[in-house]
Amino acid sequence: MPDATDKPKGQPHAVKDRRVPISATDRKEIEQLYAAFLRGRAQLVGPTGKARMLPDSLYSFLLELIGLLSEGKSATIVQNQAKLTTVEAASLLGVSRQFLINLLEKGGIPYHKVGTHRRIYAQDLFQYKARRDGHRHKVIRELAQAEAKEGLYDREPSSADED
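Below, the structure is looked at part by part.

Each value, and the rule that gives it
The written sequence of each chain sets the order in which its residues are numbered from 1. Local features in this predicted model are restricted to residues whose pLDDT is 70 or higher, and side-chain atom pairs enter the listing and the counts only when it is 80 or higher, whereas totals over whole chains, interfaces and linings include all residues. No hydrogens and no water enter the side-chain calculation; it runs on all heavy atoms of the structure. The criterion is simple. A nonpolar core is a set of buried Ala, Val, Leu, Ile, Met, Phe, Trp, Tyr and Cys residues joined through side-chain atoms within 4.5 Å. Relative accessibility decides the category of a residue: with a 1.4 Å probe and only protein chains considered, values under 20% of the type maximum give buried, values over 50% give exposed, and everything between is partly exposed. Secondary structure elements are taken from DSSP: a helix is a run of H or I of four residues or more, a strand is a run of E of two residues or more, and numbering for both begins at the N terminus. Whether two residues touch is decided by their heavy atoms; if any such pair falls within 4.5 Å, the residues are in contact. Patch building starts from residues that exceed 30% relative accessible area and form no salt bridge, then joins like charges within 9 Å and nonpolar side chains (Val, Leu, Ile, Met, Phe, Trp, Tyr) within 5 Å. Method for areas: the Shrake-Rupley scheme with a 1.4 Å probe, in which residue coverage is limited to the protein chains shown. For salt bridges, the criterion is a side-chain nitrogen of Lys or Arg within 4 Å of an Asp or Glu carboxyl oxygen. What counts as an axis is a line fitted to C-alpha atoms, over the stretch in contact for a helix, and the angles between N-to-C directions run from 0 to 180 degrees. Roughly parallel means an angle under 35 degrees; roughly antiparallel means over 145; roughly perpendicular covers 65 to 115; every other angle is labelled oblique. Under the scheme applied, nonpolar residues are Ala, Val, Leu, Ile, Met, Phe, Trp, Tyr, Cys and Pro; charged residues are Asp, Glu, Lys and Arg; polar residues are all the others, including Gly. Two strands form a pair only when DSSP identifies at least two bridges running between them. Rotating anticlockwise by less than a right angle from the far helix to the near helix defines a left-handed crossing, while the corresponding clockwise rotation defines a right-handed one.

### Overview of the nonpolar core
One finds A89, L93, L100, I109, I120 and L125 to be the most contacted residues of the largest nonpolar core, which totals 13 residues. Of all the secondary structure elements, the ones that give two or more residues to this core are α3 (86-93), α4 (97-105) and α5 (122-149). If near-sequence neighbours (up to four positions away) are discounted, L100 is found in contact with T86, A89, A90, L93, V95, I109 and I120. Formed by six residues, the second largest nonpolar core is a distinct cluster that contains A42, L54, Y59 and I66.

Below, the structure written as structure tokens:
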């Protein structure tokens, strides 16, 4: 007899959404914690009261995480070697699953199959995302520079432009 943790066969792997709402009180505490982190090195205090300095890598990670939260941004923590489903990967990229599959089939992102299911390593997905975002920023920067060079930012809009 299946127990409550068994999932029916044929059901897609569900991504657990572990969003935690941040109240105004929590946000204020996060901002105070971030300010304290910026003032000096954090220490980890164990149950016995013994304090230990945080390793540099953990300190940097926590500083970045708390900084994002203090700005009201969200953060997703994914292991570098995590294997993502196409649904999870598409969600992280902000694209449809079908768009992602087409991208995978064209060789845009490396993937492997587990049976008939495609899996993408998180590190490969994030490398693609960094390339994609870098290319987007470059194109936008070049477009803005070309428009500035043509004087489009200095021009007053005409009545024909307002239509």
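### Some remarks on a nonpolar patch on the surface
Together, L58, F61 and I77 give the surface a local cluster of nonpolar side chains, amounting to about 290 Å² of exposed area. With respect to the element layout, L58 can be found in helix α2 (residues 56-70).

### Let's talk about the packing of α3 against α4
In contact at an axis separation of 9 Å, α3 and α4 are set at 100° when each is read in the N-to-C sense. Classed by the angle they form, the pair α3 and α4 counts as roughly perpendicular. From α3, T86, V87, A89, A90 and L93 reach across to α4, where they touch R97, L100, I101 and L104. Here the contact of α3 with α4 is built from residues that sort into seven nonpolar, one polar and one charged.

### Digging into the environment of L104
In this fold, L104 is placed in helix α4. Those residues within four positions of L104 in sequence are excluded, and the remaining contacts are T86, I109, Y111, R118 and I120.

### A word on the sheet that holds strand β5 (residues 117-121)
One open sheet accounts for three strands, arranged β3-β5-β4; its pairing is antiparallel. Each end of this open sheet is capped by a strand with a single partner; those strands are β3 (83-84) and β4 (112-114).

### Overview of the packing of helix α1 (residues 24-39) against α2
The description of two helices packed together rests on the angle between their axes and the distance between the axes. Running from N to C, α1 and α2 point in directions that differ by 140°, and their axes come no closer than 9 Å. When the axis of α1 is compared with that of α2, the two are oblique. For the pair α1 and α2, the sense of crossing is left-handed. Touching R27, I30, E31, L33, Y34, F37 and L38 of α1 are Y59, L62, L63, I66, G67, L69 and S70, all from α2. For the contact of α1 with α2, the class distribution of residues is 10 nonpolar, two polar and two charged.

In short, shape yes, function no, at least from these values alone.
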